[in-house]
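# A closer look at the structure
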Amino acid sequence: MTRANTISRSVEIGLRFIGMWPDSAYPNLYWFSYMTTVVIVQYYQYAYIFAHFDLNDLWLLMDCLSLTLAYSLAFLKLLVLWWNRRIFYYIVKAIDQDLSECVSNDSYSSTMTSMADMSHRFANIMFGLYAFSSFFLSIGEHLLQSMDDVDQSGNSSRELPIKMEFPFDVSKSPIFECFLIGQFLYDMVIAFVVGLINALLVALVLHVSGQIDIMQQDLVEISNGKYDRSTFLLVIKGLICKHQRIINLSENIENLYSYIALMQVLWNTLVMCCTGFVIIIIISSGEDTANLIKSVSYYIAIVLEVFIYCFAGEFLSAKSKSISNAIYESLWYNLPPSDSRVILFMILRCQKRLTITAGRVIDLTLEGFTSVRRYVIKQSNTLRHINRG
């Protein structure tokens, strides 16, 4: 029977592309080449912001700053991921060990197959959504501007979708077309990598969830008296070891994503404020359909990104609580006192829930997500009033 890995093939290919997958060929070369490209593009983006910095034109500043900050966030997340790559290698090794144990058991394999299907579907949806968003940030916006912003001479607008300040004129053909295609490819790659990091987090959380479901199945079998006295302690020992592996895996996921989540919450809050301000201004003016479509699709993508992190933390926390609930709801009181006391120790150990934190400061929960959304709406309206003033 084949092993159902929650890390999909597309995610694995993406991790090999940035040199993060264990035993991939030339990982340092891939990572350094990609990061160098991001640094060069970021330089010209920030050069444009400094060259056109004008508080009287707050709309243009927020429009450029939101996209530039998003690319900077992707760069920093990749930097943190590379710094913690050894932790990721331990996680991949632990996942491989768990899946090896599931091959010989049909019920275990069925549980992990279900989790793997969910992970693969989420990865496909995530990549599709980010591809759609990046299309409107590059080629889609240019096509809409070509239809809407035609000057009197009949020539369309020659402005690049991603604002950059170059030391030469890029508005002439074929230079403009080459840079337009380059920006499209760059934007697609950035979107793919951002979606990759999000899909990886969900895949890891779903794997932990599948292992928790397997542990609950074993607890039900124990409470129903499936095992005799001679094998009970051996089965309990195996469950305790499995629970400890789940805890260790969850802690490694927390170590891998803690500071990434902190940057995600803080940085994306600022980006959402800037993008929300741009959307409010465009809707108020009732013009510029191209920028409205671009900003709305981009805003949906970054809001969804924060939601994914908060939902993953909430889901992992709820799953960890379900272990103690499953033990408590089992027929542990029908067991001999010496055996039930062992199970009670497991209940006590489950009181410390598993979670993902943002920089070990705050837990990622759905309540935290709603707090971020309220703050973003408030600050976007504040920027709007400042712009009017």
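What counts and what doesn't
- Residues numbered from 1 in each chain as written.
- Predicted model: local features only at pLDDT ≥ 70, side-chain atom pairs only at ≥ 80, totals over all residues.
- Heavy atoms only, no water.
- UniProt positions renumbered as here; feature names shortened; annotations may be inferred.
- Helix = DSSP H or I, 4+ residues; strand = E, 2+ residues; numbered from the N terminus.
- Phe/Tyr/Trp six-rings, centres within 6.5 Å; stacked < 30°, edge-to-face > 60°.
- Buried < 20%, exposed > 50% of the residue type's maximum accessible area, 1.4 Å probe, protein only.
- Lys NZ or Arg CZ within 6 Å of the ring centre and 35° of its normal.
- Patch = residues over 30% accessible without salt bridge, like charges linked within 9 Å, V, L, I, M, F, W, Y side chains within 5 Å.
- Areas by Shrake-Rupley, 256 points an atom, 1.4 Å probe, with all protein chains shown as cover.
- Salt bridge = Lys/Arg side-chain N within 4 Å of Asp/Glu carboxyl O.

### Quick word on the UniProt feature "transmembrane region" (unreviewed entry) in the protein chain
UniProt feature "transmembrane region" (unreviewed entry): in the numbering of this structure it lies at residues 29–46, 58–83, 122–140, 184–206, 265–284 and 296–316. Secondary structure across residues 265–284 divides into 100% helix and 0% strand, with the first and last C-alpha atoms of the span separated by 28 Å. Counted over residues 296–316, helix gives 100% and strand 0%. Its end C-alpha atoms are 30 Å apart.

### As for the packing of aromatic side chains
Under the defined criterion, the tally for this structure stands at 14 aromatic pairs. Ring geometry for Trp21 and Phe88: centres 6.1 Å apart, planes at 65 degrees, overall edge-to-face. Placement of Trp21 in the loop between helix 1 (9–17) and helix 2 (27–51) and of Phe88 in helix 4 (residues 85–102) is noted, with a sequence separation of 67 residues between them. Like Trp21, the residue Phe88 is buried in the burial classification. Taken together, a centroid distance of 4.7 Å and an interplanar angle of 25 degrees make the contact between Phe127 and Phe192 stacked. Of this pair, Phe127 sits in helix 5 (residues 106–137) while Phe192 sits in helix 7 (residues 175–223), and the two are 65 residues apart along the sequence. Judged by relative accessible area, which is 29%, Phe192 ranks as partly exposed. Through a chain of ring-to-ring contacts, three or more aromatic side chains come together here, namely Tyr43, Tyr44, Phe166, Phe168 and Phe179. Here the guanidinium or amino end of Lys242 rests over the ring plane of Tyr108, the centre of that ring lying 5.8 Å away.

### Comments concerning a nonpolar patch on the surface
There is a patch of nonpolar side chains on the surface, built from Tyr26, Leu29 and Tyr30 and spanning about 380 Å² of accessible area. Mapping Leu29 onto the fold places it in helix 2.

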